[in-house]
Amino acid sequence: MDIKTPNFQTSAICGLFCSSCMIYLATQKNDMIKLQYFAEKLNTSVDQVRCNGCRSDVLTTYCKNCYMKKCSSEKKVSFCSECDEYPCNYLIEFQKQMPHRVELFDSLSRIKEVGWEQWFRENEERVTCTQCHQICSWYETICSKCGNTPSSPFVADHIDILNIKKVRN
Ligand code: SF4
Ligand code: SF4
Ligand SMILES: [Zn+2]
């Protein structure tokens, strides 16, 4: 299995795993069809939609204005789970808004328990296709490379809620 070195840039402050974000994956592949799709969805341009992860300099418009990013910087914490106010109401509401955030609090607890690098490795396995080992996006219920379904352990655990609010993968 192609498990890469843990990447802090894609380890989001809020506990999301940016390496399996649809926008991140489309950016890495320079997939113009998907970038155009997300640009239209977020009412912005393709250049403004590209993203290399939460802690990178290339951020999609939506995540550029992230409340957690600003707040964590003021509180001088690297992850929300290090904050005295964790879990704050903002984070609780944020988690409820989208199906792919279903493991947000589990992630933050795990980061606190074992550190972000170990959490990163575990998460990478959770979103990797069990058949061809491609990293799949949260909403890629069927692996786009080999057709395996459910594509990954993450998808297998949450396929019902992911299908309810299907976002292009
Ligand atoms: S768009 Fe947001 S969630 Fe997706 S990779 Fe960028 S910072 Fe992470
Ligand atoms: S107040 Fe909330 S959003 Fe801000 S760092 Fe703490 S947990 Fe994160
Ligand atoms: Zn596959």
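Quantities reported herein were computed from a predicted structural model and do not represent experimental measurements.

**Examining the nonpolar core**
- Residues Ile13, Cys14, Cys18, Ile23 and Cys80 are the most contacted members of the largest nonpolar core, which totals 40 residues.
- Among the elements of the structure, α1 (22-29), α2 (32-41), α7 (104-114), α8 (116-126) and α9 (153-164) are those that each provide at least two residues to this core.
- Ranked by residue count, the leading element in this core is α1, at five residues.
- Excluding residues within four positions of it along the chain, Cys18 makes contact with Thr10, Ala12, Tyr24, Gly53 and Cys54.

**A look at the site of ligand 2**
- If you check the shell around ligand 2, you find Met68, Cys71, Ser72, Lys75, Val77, Cys80, Cys83, Glu85, Tyr86, Cys88, Tyr90 and Leu91 and nothing else.
- Only α5 (67-75) and α6 (89-97) provide two or more residues apiece to the shell around ligand 2.
- Top contributing element to the shell around ligand 2 by residue count: α5, with four residues.
- Among the residues forming the shell around ligand 2, the class breakdown is nine nonpolar, one polar and two charged.

**Concerning the site of ligand 1**
- Taken together, Ala12, Leu16, Cys18, Cys21, Ile23, Tyr24, Cys51, Gly53, Cys54, Leu59, Thr60 and Cys63 form the complete shell of residues around ligand 1.
- Grouping the amino acids of the shell around ligand 1 by side-chain chemistry returns ten nonpolar, two polar and no charged.

**A word on α7**
- For α7, every residue scored as buried is listed here: Leu104, Ser107, Leu108 and Ile111. Across the axial projection of α7, the buried residues extend over an arc of 95 degrees, all falling on one side. Along α7, exposed side chains directed more than 90 degrees from the buried face belong to Asp106, Glu113 and Val114.
- Contacts from the buried residues of α7 go to α6 and α8.
- Of the residues one or two after α7, Gly115 is the one with positive phi, at around 90 degrees.

**A look at unusual backbone geometry**
- Cis rather than trans, the peptide bond between Tyr86 and Pro87 has omega equal to -10 degrees.
- The residue Pro87 is located in the loop between α5 and α6 in this model.
- Following Thr149, the chain continues into Pro150 via a peptide bond in cis, with omega recorded as -10 degrees.
- Its location among the elements puts Pro150 in the loop between α8 and α9.
- Non-glycine residue Asn30 carries a positive phi angle of around 50 degrees.
- Mapping Asn30 onto the fold places it in the loop between α1 and α2.
- The phi angle at His133 is positive, at roughly 70 degrees, despite the residue not being glycine.
- Structurally, the position occupied by His133 is in the loop between α8 and α9.

**Here we look at the environment of Cys54**
- Relative to the helices and strands, Cys54 is located in the loop between α3 (46-49) and α4 (61-64).
- What makes Cys54 buried here is the crowd of 22 C-beta atoms within 10 Å.
- Remark: the alpha-carbon pair of Cys54 and Ser11, spanning 43 residues in sequence, is separated by 6.9 Å.
- Those residues in contact with Cys54, other than ones at most four positions away along the chain, are Thr10, Ala12, Ile13, Cys18 and Cys63.

**Side note on α2**
- All buried positions along α2 are accounted for by Lys34, Leu35, Phe38 and Ala39. Looking down the long axis of α2, one finds its buried residues gathered within 140 degrees of arc, a one-sided arrangement. More than 90 degrees from the buried face of α2, the exposed residues found are Met32, Ile33 and Glu40.
- Lining the buried residues of α2 we find α1 and α3.
- Just downstream of α2 lies Asn43, where phi reads positive at about 55 degrees.

Here is what the cut-offs are and how they apply
- Residues numbered from 1 in each chain as written.
- Chains lettered and ligands numbered in written order.
- Predicted model: local features only at pLDDT ≥ 70, side-chain atom pairs only at ≥ 80, totals over all residues.
- Core = buried A, V, L, I, M, F, W, Y, C linked by C-beta atoms within 7 Å.
- Buried ≥ 20, exposed ≤ 12 C-beta atoms within 10 Å, placed from the backbone.
- Helix = DSSP H or I, 4+ residues; strand = E, 2+ residues; numbered from the N terminus.
- Contact = placed C-beta atoms within 7 Å.
- Near = placed C-beta within 6 Å.
- Nonpolar A, V, L, I, M, F, W, Y, C, P; charged D, E, K, R; others polar.
- Arc of directions from axis to C-beta.

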